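Results of the structural survey
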Amino acid sequence: MKKHEYIFRYYLPIAPHFDRNMAEKRFEELLAFCRRASVETVMFYVALDPNWYYMSDSVEEAMDAVTQMRPYIARLREAGIGYHINFQNLLGSVCGGADFTEKFSWECLVDHRGIPSHGCACPIGKEFRRQTEKRLRLWAETEPDVIWLDDDLRLHNHGTPLWAAKEGNAPYLDYYCFCDTHIGLFNEKYGTSYTREALVSEITKEGIPSPIR
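1. Examining the overall build of the chain
Across its full length, the chain holds six helices and six strands. The order of α-helices and β-strands along the chain, N terminus first, is β-α-β-α-β-β-β-α-β-α-α-α. The buried share of the chain, reckoned over its 213 residues, is 44%. In the chain, the proportion of contacts linking residues at least 24 apart, taken out of those at least 6 apart, comes to 72%. Accessible surface computed for the chain: about 11700 Å², of which carbon and sulfur atoms make up 54%.

Structure representation (structure tokens):
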């Protein structure tokens, strides 16, 4: 009886960030490796731009990537290999010291000082959810066996601690999100009337907690 399945997570470089010949070469290498190593399933990354570890793709980037990836997905299926898709970033992982706020129009995470992250999205932002629904639908239409969401759904270590450390503001309250919408939702749920400052004061009565790692 089969007790396990090996899934090979793979980053396929595609245009416009990489030459189309490179994508073809890498895909042929992928097929050869899967046949040689008896790999049954390939899990492709969704975030395919040069900042793939840090940021999400926009809706427009997702549309273009889906169009380019469809032929490769079909060829993978024809070879008898399963196809999964991995959202390496949904909110955005970390900002890496860069400012991505101009790239996206969605709501960003806000830290306990009221400072927005430099690109990582607030998970309850209306615009973020509108765009994310479109991105998820686009990739769902490629009919993957499984859609994986990576660990950037966590609400810590999303960017502003990097800037705080640079500014010498450590230890740091590495929790999110303290945007007005989240504060309002918290007050509505628990029947309170906290401001951001009052809520942070309540949380840090015993001192600033160490960041979760």
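2. Some words on unusual backbone geometry
Of note, the amide linkage connecting A15 to P16 takes the cis form, showing an omega dihedral of 10 degrees. One non-glycine residue, S38, adopts positive backbone phi at about 55 degrees. Relative to the helices and strands, S38 resides in the loop between helix 1 (20–37) and strand 2 (41–45). Phi at E143 is positive, roughly 60 degrees, even though this residue is not glycine. Relative to the assigned elements, E143 resides in the loop between helix 3 (126–140) and strand 6 (146–149). Overall, E143 belongs to the exposed group, its relative accessible area being 60%.

3. A few points about the pairing of strand 1 (residues 7–10)
Covered by surrounding structure in strand 1 are F8 and Y10 only, the residues I7 and R9 on the alternate face being uncovered. One ladder, built from four bridges, connects strand 1 with strand 2; its direction is parallel. When the sheet's bridge partners are listed, F8 is paired in strand 2 with V42. Handedness of the strand 1-helix 1-strand 2 crossover: right-handed.

About the thresholds
Residues numbered from 1 in each chain as written. Predicted model: local features only at pLDDT ≥ 70, side-chain atom pairs only at ≥ 80, totals over all residues. Heavy atoms only, no water. Helix = DSSP H or I, 4+ residues; strand = E, 2+ residues; numbered from the N terminus. Buried < 20%, exposed > 50% of the residue type's maximum accessible area, 1.4 Å probe, protein only. Contact = heavy atoms within 4.5 Å. Areas by Shrake-Rupley, 256 points an atom, 1.4 Å probe, with all protein chains shown as cover. Pairing = 2+ DSSP bridges. Right-handed = clockwise from strand over helix to strand, strands pointing away.

These results come straight from atomic positions and should not be treated as a statement about function.
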